[in-house]
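# Structural features, examined
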Amino acid sequence: MTSPPSSSPKPKRPLDQRLTEFFQNDTTSYVIQRLGQGLLTLLIASMLCFAVMKLAPGDFLDTYSQNPTVSQELLDDLTQRYGLDKPAVTQYRLWLTSIVTQGDFGWSLMYQQQVTTLIGSRVFNTLILSIFSLIITWTIAIPLGIVAAVRQNSTLDRILRILSYGGQGFPSFITALLLLILAQNLTPLIPVGNMTSVFHDDLSTVGKGLDILWHALFPTLALSITSFAGLQRLMRGQLLDVLRQDYIRTARAKGLPENKVIYVHALRNAINPMITLLGFEFAALLSGSFIAEFFFSWPGLGKLILEALRSQDPFVVMAGLMMGATMLIVGNLLADLLLKAVDPRIELTNN
């Protein structure tokens, strides 16, 4: 009786060969180049942020030196640490060095704590609103835009167009104000202000999560209505434009099922601009909710930066602007990679 032949393990390729193949991959090379460009963009953005704050009238140290709760020792320490008594170029160098080496974006005199800690405590609150709004908007708007395009000029299409025109006709602050008035009339059924109830600490883990989501309901609607209207119209227009192309008529002439023509051939090409838009919406996750946060007293990042601007708290403002620039760069990169994943025919190039 013969024994089965033993399979010899495949020899491993040398590490340097695998690394060479990894870096020669088109997508990897593109990502590395984009990240390098992104770092240069962030450097330029940091210069602009610093210059804008230095050109602003007034001196925040003079303002806070009159505050009895701010000690002279703290002011002297900040002056020495960030070179606030030195030329602007030296101040920028010290600020940038503290970011790169220590992750220190400065000190908030308004809140008496490190800017990194302060922003870190607000980012999660803003992400709750932004991601919740993004999911609701895209989950509803994209299917309705497809339905409106497929059933063009039907009664449903006319209703959806009226709703989209109405949604885009209201500025976001007007929408937030109307929802705030409605919430006040429905109190205590609909909570107004803050992100938790007074008995939040007594709830279970699930109860705490539901309590936060219930408080986020109207702020999320304020963010979603205008975005929903524009996204639904854009999806409808893109799909209608693709459905008029010659290759769609050819596919129908060959006898392909209508569902396959629409949802495979047409939708695949119509969705590309929407993916690009998704990248920009990702960039606005941390900065696009300040209106809803302001009206509904939601303790988020947008409201924090707005208060910092009014109080001349420069390190908070500069950190917020830098985060916005970072999200824009990351959002654009993710949009390009998603486009490549959806349509492999697209070539990623930095030229």
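Right above here is the structure, for reference.
Overview of the structure. All values reported here derive from a predicted model rather than from experimental measurement.

Criteria and thresholds
- Residues numbered from 1 in each chain as written.
- Predicted model: local features only at pLDDT ≥ 70, side-chain atom pairs only at ≥ 80, totals over all residues.
- Heavy atoms only, no water.
- Helix = DSSP H or I, 4+ residues; strand = E, 2+ residues; numbered from the N terminus.
- Buried < 20%, exposed > 50% of the residue type's maximum accessible area, 1.4 Å probe, protein only.
- Contact = heavy atoms within 4.5 Å.
- Areas by Shrake-Rupley, 256 points an atom, 1.4 Å probe, with all protein chains shown as cover.
- Salt bridge = Lys/Arg side-chain N within 4 Å of Asp/Glu carboxyl O.
- Axes fitted to C-alpha atoms, helices over the stretch in contact; angles between N-to-C directions.
- Parallel < 35°, antiparallel > 145°, perpendicular 65-115°, else oblique.
- Left-handed = near helix turned anticlockwise from the far one by under 90°.
- Nonpolar A, V, L, I, M, F, W, Y, C, P; charged D, E, K, R; others polar.
- Core = buried A, V, L, I, M, F, W, Y, C linked by side-chain atoms within 4.5 Å.
- Patch = residues over 30% accessible without salt bridge, like charges linked within 9 Å, V, L, I, M, F, W, Y side chains within 5 Å.
- Polar contact = N/O pair within 3.5 Å; in protein donor to acceptor, adjacent residues only side chain to side chain.

## What to know about the overall build of the chain
Helix and strand counts for the chain come out as 16 helices and 2 strands. In the chain, which comprises 351 residues, the share counted as buried stands at 38%. Restricting the contact set of the chain to residue pairs at least 6 apart, pairs at least 24 apart contribute 74%. Accessible area for the chain stands at about 20,200 Å²; split by element, carbon and sulfur atoms hold 64% of it.

## Observations concerning the pattern of salt bridges
All told, the structure shown has 6 salt bridges when counted by the stated rule. Among the salt bridges present, the one from D246 reaches R249, with a minimum N-O distance of 2.3 Å. With D246 and R249 both in helix α11 (residues 246-253), this residue pair falls 3 residues apart, about one helical turn. Using a relative accessible area of 51% as the deciding quantity, one classes D246 as exposed. Note that R252 and E258 form a salt bridge whose closest N and O atoms lie 2.7 Å from each other. Connected through salt bridges with shared partners, the residues D157, R161 and R236 form a single ionic network.

## Examining the environment of I140
In this fold, I140 is placed in helix α6 (residues 115-150). Sequence separation of I140 and L231 is 91 residues, and the distance between their C-alpha atoms is 9.6 Å.

## Some thoughts on the packing of α6 against helix α16 (residues 314-342)
Angle between the axes and distance between the axes are the two parameters that describe a pair of packed helices. Where α6 meets α16, the closest approach of the two axes is 10 Å, and the angle between their N-to-C directions is 55 degrees. Classified by the interaxial angle, the pair formed by α6 and α16 is oblique. The chirality of how α6 crosses α16 is right-handed. Residues V115, L118, I119 and V123 of α6 touch α16, and the partners they reach there are F315, V316, A319, G320 and M323. Class assignment of the residues belonging to the contact of α6 with α16 gives a composition of 8 nonpolar, 1 polar and no charged.

## Description of the nonpolar core
Grouped together as the largest cluster of nonpolar side chains are 33 residues, with contacts concentrated most on L78, W95, L109, I119, F315 and M318. Elements with a minimum of two residues in this core: α2 (26-55), α3 (60-65), α4 (72-81), α5 (88-102), α6, α15 (301-310) and α16. If you tally residues by element for this core, the top one is α16, at 7 residues. Not counting residues within four places of it along the chain, the set of residues in contact with I119 comprises L301, L304, V316, A319, G320 and M323. Of all hydrophobic cores here, the second largest spans 21 residues; its members include F228, L240, A251 and V261.

## A look at unusual backbone geometry
The phi dihedral of Q112 falls on the positive side, at around 60 degrees, and the residue is not glycine. In this fold, Q112 is placed in the loop between β1 (107-108) and β2 (113-114). In this structure, N153 takes a positive phi of about 65 degrees despite not being glycine. Following the sequence through the fold, N153 ends up in the loop between α6 and α7 (155-169).

## Regarding a nonpolar patch on the surface
Taken together, the side chains of L40, L43, I44, M47 and L48 define a hydrophobic patch exposed on the protein surface, amounting to about 460 Å² of accessible area. With respect to the helices, strands and loops of the structure, M47 is situated in helix α2.

## Digging into the side chain of N125
Mapped onto the secondary structure, N125 falls in helix α6. When its relative accessible area of 9% is taken as the criterion, N125 is described as buried. One polar contact links the side chain of N125 to the main-chain carbonyl oxygen of P299, over a distance of 2.7 Å.

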